[in-house]
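Geometric and topological summary
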Amino acid sequence: MSDAPIRKPSTGHPAHPGRSLIASAMIGLIAGIDNLGNGLAIAALLFTGPLAAGLGAGVGVVLLSAAILALLVALRSTQPNSVALVQETGVAILASTVATMAAGLEGAPEGVRIATAFAILGGSTLVTGLLFWTVGRLRLGRLVRFFPYPVVAGFLAGSGWLLVEGALAMVSGRHGLGAGLAGLAAPMVAVTAAAAVGLAGLLVLAMRRSDSPFTMPLVLLATALAFHAGLPLLGVTAEEARGWGWLPGMAGGGGFSLPVPTEVLALADWGRVAAALPAMVSVAVLGMLGLLLNVSGIELAQGRDIDADAELRGTGAANLLAGALGGPSGYVGLGMTLLAGRMGASGRGAGLATAAVILGGLFVAGWLVSVTPVFLTAGLILFLGVELLQEWLIDARRRLPRTEWLIVLAVVLAIAGIGFMEGLALGLAVSLAMFVYSYSRLPVIRGRHSGAELRSRVDRSPAASLHLTGAGAAIEAMQLQGYLFFGTAEQIVGPVRDRLERAGGDVGAQTGDRPLRFLIIDFRHIKGMDSAAAGVFRRIRNLIEAAGATLVLSALPDAVEDAFRNCGLDPDRDPVLRRAPDLDHALESCEEALLVQSGAGLAAGADAPLLRHLEAMTGPHPRLADAVAALDTLHLEPDEVLIRAGEAASDVFIVGRGRVKVQIALPDGRSLRLRTMTAGAVVGEIALLLGQTRGADVVVETPATIHRLTAATLARLEREDPELALVLHRILATTLAQKVTLANRLIEQAAV
């Protein structure tokens, strides 16, 4: 409908009962007159040319539907002052469909064509009502808002084009752009067309200059009065004007007529009605989007939440009743509802008054049809079409990025040149292609790190850490993100191939890259994967096998694992593949393999004297042997607790052999591993030096030999042997510096 935008939202203050009653009456008068005028135009748009004999019944059913919608929505809406209107965007689609039907039934009796037109119109409204009610019943109203915005804009702009074509058909009596333009060769048709264009231009100018809801009704009323006043001045009688096509070709009557349901059921060509089902569904979907957009606008303007699903159910029921009578669909109007709030209509009186005015107009509908100039209804339809094109095609160029606006333009051109359903299909296809293209450009690789930079949470001996600083470059860790499909998975192949090529021949010698031994792919942030992406990983697996390396799959989700197995990749049996529960464990296993292969006894389970670990940590010193002698030695078994969270810190430990893990207890009772300590690692020094309680548990993982320095021993040495105490402090300071360096590196990697 012509629903003028209201710029000032409701203040939200309760209105005085008397003022609210007056405001409701005013809104009813404004909206009722607006519906009467637009009802005439919509009926004339549908029932023109070979269907002109159904115009009287068309006006009656359109106005009756408008009254039903206004009444039921007013009674059932969660927004009390809602004003529902018959919406012209859906009618524009149906007008094209009905015209195609009429052309296909050119040789059929007139009654069959008209009955089929009413069956298509009512069937469309029934489909709309059923869709509204079902979506509201399933509480899926919010999901509909994910419909691509450029496609919605294209549909609305395309509806504007269909209205422009409809206005031309109303003037010329011929459907189709070419036939309509050819009809303008007749002088009287050209005069009517010129008058319609002039009225549309006048409406555009008037609506641009005034926000008053009275503007359009006054312009239309003044135009009609001027026309009838001008006929005698020109010496033209009403009968002559009717013969020239300036007035509808029907005699005036005082009442109104409605299609007889039994006649529609008996005479309609139901094959043609079934063929129009895709257009009916399009009208329903477009109506649902329009309803939800209007509800969102009312929420924003009035600052209160509205139950969109309840609105869908209530409006769906109203449309089901209107459709049963053969009328068009509709829903709450944004401009009229906001105007009701602005004027202080706080109850349901606005919608009820609107229904009353429309019902009153039904009794003079026949007379209104006979005296309303053709150029007036055609000009109004032309104005509505131009407004839709202006807002959703021309103005959208400033609101939308160029690529999205081109989708809007493509939909409009397809609707204008091929048909509405073709435009719908094109818009959805292009939007899908643009989505795939845009999503495929999003980085799927969250981060890439060499094993020399990214380490596991395992504190190793200085010698092992030094070895991994160089040898760790043989590990490549790749963290992925998002959803993997054929468009994004290809981003992974290039970096893998590049890493393998950089490590070979002269390139590897120049860049210092070691041959790749382990490729870790972390799936922790992956949401899912399709079969095409699984095929990409099969290619990556083959590249890794050819390089003699191992592919480690970290944090593999069940859905991704299923996709792997479906394409022939078995993480448990394939010798090239290895799985790990998370990235940390994957790094740990790869590091351990490199340390074992070094043959220098650096692996976590290798035995090495404590003195060698201390020399690697601080460098040679003549008192290191005395430092070792100052320590107590403990032999512990797996699961024994070395440090318990919350205890006072009275000693520090150095792992001589075996492994211990640092962990915290989670609220659900599970334990979370923070770090693992191997031979040469220092544990518990921070709490001791700061005088704090222990912050985590330290539990033995494998049979271990632990060396303990007590706070009492350190204090005694500070008094009796300051040089030896300084050596021990240097050991503690060195391990602290290493941990700070590691923490800084982790922070830098997390920030990338």
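Computed from a prediction, not measured in an experiment: that's the story for all the values here.

Focus on the environment of Arg657
- Assignment of secondary structure puts Arg657 in strand E11 (residues 651-657).
- Residue Arg657 is classed as partly exposed on the basis of its relative accessible area, which comes to 32%.
- The spatial distance from the C-alpha of Arg657 to the C-alpha of Ala704 is 5.1 Å, given a sequence separation of 47 residues.

Details of the pattern of salt bridges
- One pass over the full model with this rule turns up 25 salt bridges.
- Here Asp584 makes a salt bridge to Arg457, at a shortest N to O gap of 3.8 Å. Residue Asp584 is found in helix H26 (residues 583-598), and its partner Arg457 is found in the loop between strand E3 (445-450) and strand E4 (458-459); the two are separated by 127 residues along the sequence.
- Between Arg623 and Asp626 there is a salt bridge whose closest N-O contact spans 2.7 Å.
- Given a relative accessible area of 34%, Asp626 falls into the partly exposed group.
- Among the ionic contacts, a cluster of salt bridges with common partners joins Glu561, Arg565, Asp570, Asp572 and Arg579.

Brief notes about the sheet that holds strand E9 (residues 632-636)
- Strand order in the open sheet formed by four strands is E9-E16-E11-E14, and the pairing between neighbours is antiparallel. Looking along the sheet, the strands with just one partner apiece sit at the ends: E9 and strand E14 (682-683).
- Pairing of E11 with strand E16 (residues 704-710) involves six bridges; the strand directions are antiparallel. Looking at E16, one finds that Val655 is bridged to Ile706.

Overview of the nonpolar core
- Within the largest apolar cluster, 105 residues are counted, with the highest numbers of intra-cluster contacts made by Leu46, Phe47, Val59, Ile120, Leu203, Leu380 and Phe383.
- Residue contacts for Leu46: discarding those within four places in its chain leaves Leu51, Val91, Leu94, Ala95, Val98 and Leu121.
- If you look at the next biggest cluster of nonpolar residues, it comprises 32 residues, including Leu516, Ala534, Leu551 and Ala563.

Here's the deal with the pairing of E16
- Buried residues dominate E16, accounting for six of its seven residues.
- Bridging between E9 and E16 involves five bridges; their strand directions are antiparallel. Bridging from a neighbouring strand, Thr633 pairs with His707 of E16.

As for helix H4 (residues 110-137)
- Helix length check: H4 (28 residues) gives 40 Å between terminal C-alpha atoms against 40 Å at 1.5 Å per residue, within 8%.
- Of the residues trailing H4, Arg139 is marked for its positive phi of about 55°.

Quick notes on unusual backbone geometry
- Its identity is not glycine, yet Arg139 carries a phi of approximately 55°, on the positive side.
- Note on placement: Arg139 falls in the loop between H4 and helix H5 (149-172).

Quick notes on the packing of aromatic side chains
- Scanning the model with the defined rule gives six aromatic pairs in all.
- Ring geometry for Phe523 versus Phe537: centroids 5.5 Å apart, planes at 50°, classification tilted. With Phe523 in strand E6 (residues 518-529) and Phe537 in helix H24 (residues 531-546), the pair connects residues that are 14 residues apart, well separated along the chain.
- Look at Phe523 and you get buried, because its relative accessible area is 0%.

Overview of the confidence of the model for the protein
- In this model, the protein carries an average pLDDT of 83, and 90% of its residues clear a pLDDT of 70 or more.
- Per-residue pLDDT, averaged within each element of the protein, yields its smallest value for helix H23 (residues 505-511) (43) and its largest for strand E7 (residues 550-554) (95).
- Under a pLDDT of 50 for its full length, residues 505-511 has, in the predicted model, six contacts with residues more than four places off or in other chains.

Quick notes on helix H2 (residues 55-76)
- Over its 22 residues, H2 extends 31 Å from the first C-alpha to the last, a length consistent with the 32 Å expected when each residue adds 1.5 Å.
- Across the 22 residues of H2, 18 count as buried, placing the element largely inside the fold.

What to know about the side chain of Arg455
- Take Arg455: it is sitting in the loop between E3 and E4.
- At 4.7 Å, Glu591 is the nearest oppositely charged side chain to Arg455, a buried residue that forms no salt bridge.
- A distance of 3.5 Å separates a polar side-chain atom of Arg455 from the backbone oxygen of Gly451.

What about the packing of helix H22 (residues 490-502) against H24?
- Relative to each other, H22 and H24 sit at 5°, their axes nearing to 10 Å. When the axes of H22 and H24 are compared, the pair comes out roughly parallel. Residue-level contacts link Glu490, Ile492, Val493, Val496, Arg497 and Leu500 of H22 to Val536, Phe537, Arg539, Ile540, Leu543 and Ile544 of H24.
- Per-class residue counts for the contact of H22 with H24 are nine nonpolar, no polar and three charged.

Observations regarding the packing of H2 against helix H15 (residues 349-362)
- One way to put it is that H2 packs onto H15 with a least axis distance of 8 Å and a crossing angle of 160°. Here H15 runs roughly antiparallel to H2, going by the angle between their axes. For the pair H2 and H15, the sense of crossing is left-handed. Of H15, the residues touching H2 (which contributes Gly60, Leu63, Leu64, Ala66, Ala67, Ala70, Leu71, Ala74 and Leu75) are Gly351, Leu352, Thr354, Ala355, Ile358, Leu359 and Leu362.
- Looking at the contact of H2 with H15 residue by residue, the classes come out as 13 nonpolar, three polar and no charged.

Considering a nonpolar patch on the surface
- Taken together, the side chains of Ile22, Met26, Phe214 and Leu218 present a nonpolar region at the surface, about 370 Å² in accessible area.
- As for its position among the elements, Phe214 is in the loop between helix H7 (187-209) and helix H8 (215-234).

Conventions and cut-offs
- Residues numbered from 1 in each chain as written.
- Predicted model: local features only at pLDDT ≥ 70, side-chain atom pairs only at ≥ 80, totals over all residues.
- Heavy atoms only, no water.
- Helix = DSSP H or I, 4+ residues; strand = E, 2+ residues; numbered from the N terminus.
- Buried < 20%, exposed > 50% of the residue type's maximum accessible area, 1.4 Å probe, protein only.
- Salt bridge = Lys/Arg side-chain N within 4 Å of Asp/Glu carboxyl O.
- Pairing = 2+ DSSP bridges.
- Core = buried A, V, L, I, M, F, W, Y, C linked by side-chain atoms within 4.5 Å.
- Contact = heavy atoms within 4.5 Å.
- Expected span 1.5 Å × (residues − 1).
- Phe/Tyr/Trp six-rings, centres within 6.5 Å; stacked < 30°, edge-to-face > 60°.
- pLDDT = per-residue confidence, 0-100.
- Lys, Arg positive; Asp, Glu negative; His and termini not counted.
- Polar contact = N/O pair within 3.5 Å; in protein donor to acceptor, adjacent residues only side chain to side chain.
- Axes fitted to C-alpha atoms, helices over the stretch in contact; angles between N-to-C directions.
- Parallel < 35°, antiparallel > 145°, perpendicular 65-115°, else oblique.
- Nonpolar A, V, L, I, M, F, W, Y, C, P; charged D, E, K, R; others polar.
- Left-handed = near helix turned anticlockwise from the far one by under 90°.
- Patch = residues over 30% accessible without salt bridge, like charges linked within 9 Å, V, L, I, M, F, W, Y side chains within 5 Å.
- Areas by Shrake-Rupley, 256 points an atom, 1.4 Å probe, with all protein chains shown as cover.

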